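# Breakdown of the fold
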Amino acid sequence: MPHIALVTLVVRDYDEAIAFYTESLGFDLVEDTDRGDGSRWVVVRPPGGEGALLLARAADDAQRGRVGAQTGGRVGFFLHTDDFARDHARMLAAGVRFLEEPRHEPYGSVAVFEDLYGNRWDLLQPAQP
């Protein structure tokens, strides 16, 4: 059965992006391979997750202009959790910038946060059916 394995996220710098995603969000660094041309193949993913992010350093002015704005200011990424309060508190302590207070909606507990570049994410604990 097909599934999405990687989503590319254009970043300003590999090392700062790795630090944010691993230290602030708690993702695992799956791969960091030098490609020999000044670029790297950098993959991070939430622990136990299947889908991952390919962190791709912007290569030109057009790509640099998209860093932090890949989804036009909309929430473009959804980080599911099984313990919203735990992960929200951990992320706050790590300096993650939340744009709102947690909300409890019919579909679950949610709060929008930004990554280090301004991309918007939902931290979401889906409601139990």
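Residues numbered from 1 in each chain as written. Predicted model: local features only at pLDDT ≥ 70, side-chain atom pairs only at ≥ 80, totals over all residues. Heavy atoms only, no water.

## Looking at the sheet that holds strand S4 (residues 52-57)
Each strand in a sheet pairs with another by means of backbone hydrogen bonds, the pair being arranged parallel or else antiparallel. As a reminder, the rule being used: Two strands pair if DSSP finds at least two bridges between them. Numbering of helices and strands starts at the N terminus; helices are DSSP runs of H or I of at least 4 residues and strands are runs of E of at least 2. In this analysis an axis means a line fitted to C-alpha atoms, helices contributing only their contacting stretch, and an angle means the value between N-to-C directions, from 0 to 180 degrees.
Strand order in the open sheet formed by four strands is S1-S4-S3-S2, and the pairing between neighbours is mixed. Either end of the sheet is taken by a strand with one partner, and the two such strands are strand S1 (6-11) and strand S2 (28-34). The mean angle between the axes of side-by-side strands here comes to 25°, regardless of whether they run parallel or antiparallel. Across six bridges, S2 lies against strand S3 (residues 40-45) in antiparallel orientation. Within S3, the residue paired with aspartate 32 across the bridge is valine 42.

## Digging into the UniProt feature "domain: VOC" (unreviewed entry) in the chain
Going by this rule: UniProt positions are given in the numbering used here, feature names are shortened, and annotations may be inferred rather than shown by experiment.
Residues annotated by UniProt as "domain: VOC" (unreviewed entry) correspond here to residues 3-126. The distance separating the terminal C-alpha atoms of residues 3-126 is 20 Å; by composition the span is 20% helix and 40% strand.

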